[in-house]
Amino acid sequence: MKDPYREIAEQHKQPLEKIKEPILAEGETLQRPVKEKTEKKRHYPLITALLVFFIASPFLAIYAFKEEKPVVNQIVNEQPDTVQDEAAQQE
């Protein structure tokens, strides 16, 4: 059983031709379509400030803790009060 639509398509078949260059009328040039400008993005200053704060907070914390520690160049031997009292009594 033959397909009747296939027979009709075979009868009307035409060879394809390759077009090397587009055919343009005089004065026409190929151009990209112009993209319409969309509205500007909204700026949220509070969100920007929070973002900067959260990114900078670890660095600020490290700086703050580093500054609080005093620089110790000597080795200090701490003795309990009872040892100091006994030493004072022996003298």
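Every value quoted in this text rests on a predicted model; they were computed, and no experiment measured them.

A.B. asks: I would appreciate a short explanation of the overall build of the chain in the present structure.
C.D. replies: Counting secondary structure elements, the chain contains 3 helices and 0 strands. Written out in order from the N terminus, the α and β elements of the chain read α-α-α. Total accessible area on the chain is roughly 11200 Å²; 57% of this is exposed by carbon and sulfur atoms.

A.B. asks: What is the right way to read the confidence of the model for the chain from this model?
C.D. replies: Residues shown with low pLDDT carry predicted positions that ought not to be read at fine detail. In the predicted model, the chain carries a mean pLDDT of 78, and the fraction of residues at 70 or more is 64%. The element-level mean pLDDT for the chain is lowest in helix 3 (residues 81-90), coming to 62, with helix 1 (residues 4-11) highest at 90.

A.B. asks: Can you walk me through a nonpolar patch on the surface in this structure?
C.D. replies: Taken together, the side chains of Leu-46, Leu-50, Phe-53 and Phe-54 present a nonpolar region at the surface, about 460 Å² in accessible area. Its relative accessible area of 63% is what places Leu-46 among the exposed residues.

A.B. asks: I tried to follow the pattern of salt bridges on my own but got confused; where do I start?
C.D. replies: Side-chain pairs of opposite charge can arise whenever the charged atoms involved come near each other. Counted by the stated rule, this structure contains 1 salt bridge. Here Glu-10 ties to Lys-13 by a salt bridge, and the two come within 3.4 Å at their closest N and O atoms. Look at Lys-13 and you get exposed, because its relative accessible area is 57%.

Calculation criteria
Residues numbered from 1 in each chain as written. Predicted model: local features only at pLDDT ≥ 70, side-chain atom pairs only at ≥ 80, totals over all residues. Heavy atoms only, no water. Helix = DSSP H or I, 4+ residues; strand = E, 2+ residues; numbered from the N terminus. Areas by Shrake-Rupley, 256 points an atom, 1.4 Å probe, with all protein chains shown as cover. pLDDT = per-residue confidence, 0-100. Patch = residues over 30% accessible without salt bridge, like charges linked within 9 Å, V, L, I, M, F, W, Y side chains within 5 Å. Salt bridge = Lys/Arg side-chain N within 4 Å of Asp/Glu carboxyl O. Buried < 20%, exposed > 50% of the residue type's maximum accessible area, 1.4 Å probe, protein only.

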